[in-house]
Amino acid sequence: MLAKRGYDTVAAADGREALEVARRERPDLVILDLMMPNQTGTDFYRRLAKDEELCRTPIIVVSGLAGRHLALREPFAVFDKPIDPEEFGAAVDRALGVGDK
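Residues numbered from 1 in each chain as written. Predicted model: local features only at pLDDT ≥ 70, side-chain atom pairs only at ≥ 80, totals over all residues. Heavy atoms only, no water.

Comments concerning the overall build of the chain
On a plain count of helices and strands, the chain comes out with 4 helices and 3 strands. Along the chain, helices (α) and strands (β) appear in the sequence α-β-α-β-α-β-α when read from the amino end. Here the chain holds 101 residues, and the buried ones make up 37% of them. Of the contacts made within the chain by residues no fewer than 6 positions apart, 56% connect residues no fewer than 24 positions apart. Put simply, the chain shows about 6,700 Å² of open surface, and 47% of that area lies on carbon and sulfur atoms. (Helix = DSSP H or I, 4+ residues; strand = E, 2+ residues; numbered from the N terminus. Buried < 20%, exposed > 50% of the residue type's maximum accessible area, 1.4 Å probe, protein only. Contact = heavy atoms within 4.5 Å. Areas by Shrake-Rupley, 256 points an atom, 1.4 Å probe, with all protein chains shown as cover.)

Set out below in structure tokens:
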């Protein structure tokens, strides 16, 4: 969906790999599922928030978990699964400042 909107993406198989990828790639935005193997999305977020280089990276949570809006402090947006592609795409655009100029 994001590639169709013209965005370059990278992915990680689990929470540990996600932190390695984030440190290597320095993403402009993180799309985060709270249920990941080897390290939960909440744990990943806590580690990301402690990283001086990554702590200001906006986070969009996409999850089917109850209480997902309470799992992280100040995510940019929270979406239930399944997501509405148009709403999700618009949130991604806002998080990246697309159309703000």
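Side note on the pairing of strand 2 (residues 59–63)
Most of strand 2 sits out of view: 5 of its 5 residues are buried. The alternating pattern of strand 2 places Ile59, Val61 and Ser63 on one face and Ile60 and Val62 on the opposite face, and all of these are buried. As paired strands, strand 1 (residues 30–32) and strand 2 are joined by 3 bridges and run parallel to one another. By the bridge assignment for strand 2, valine 30 is matched with isoleucine 59. A crossover links strand 1 with its parallel partner strand 2, the connecting element being helix 2 (residues 41–50), and its sense is right-handed. Examined bridge by bridge, strand 2 and strand 3 (residues 77–80) share 4 bridges and lie parallel to one another. Looking across to strand 3, one finds that isoleucine 60 is bridged to alanine 77. (Pairing = 2+ DSSP bridges. Right-handed = clockwise from strand over helix to strand, strands pointing away.)

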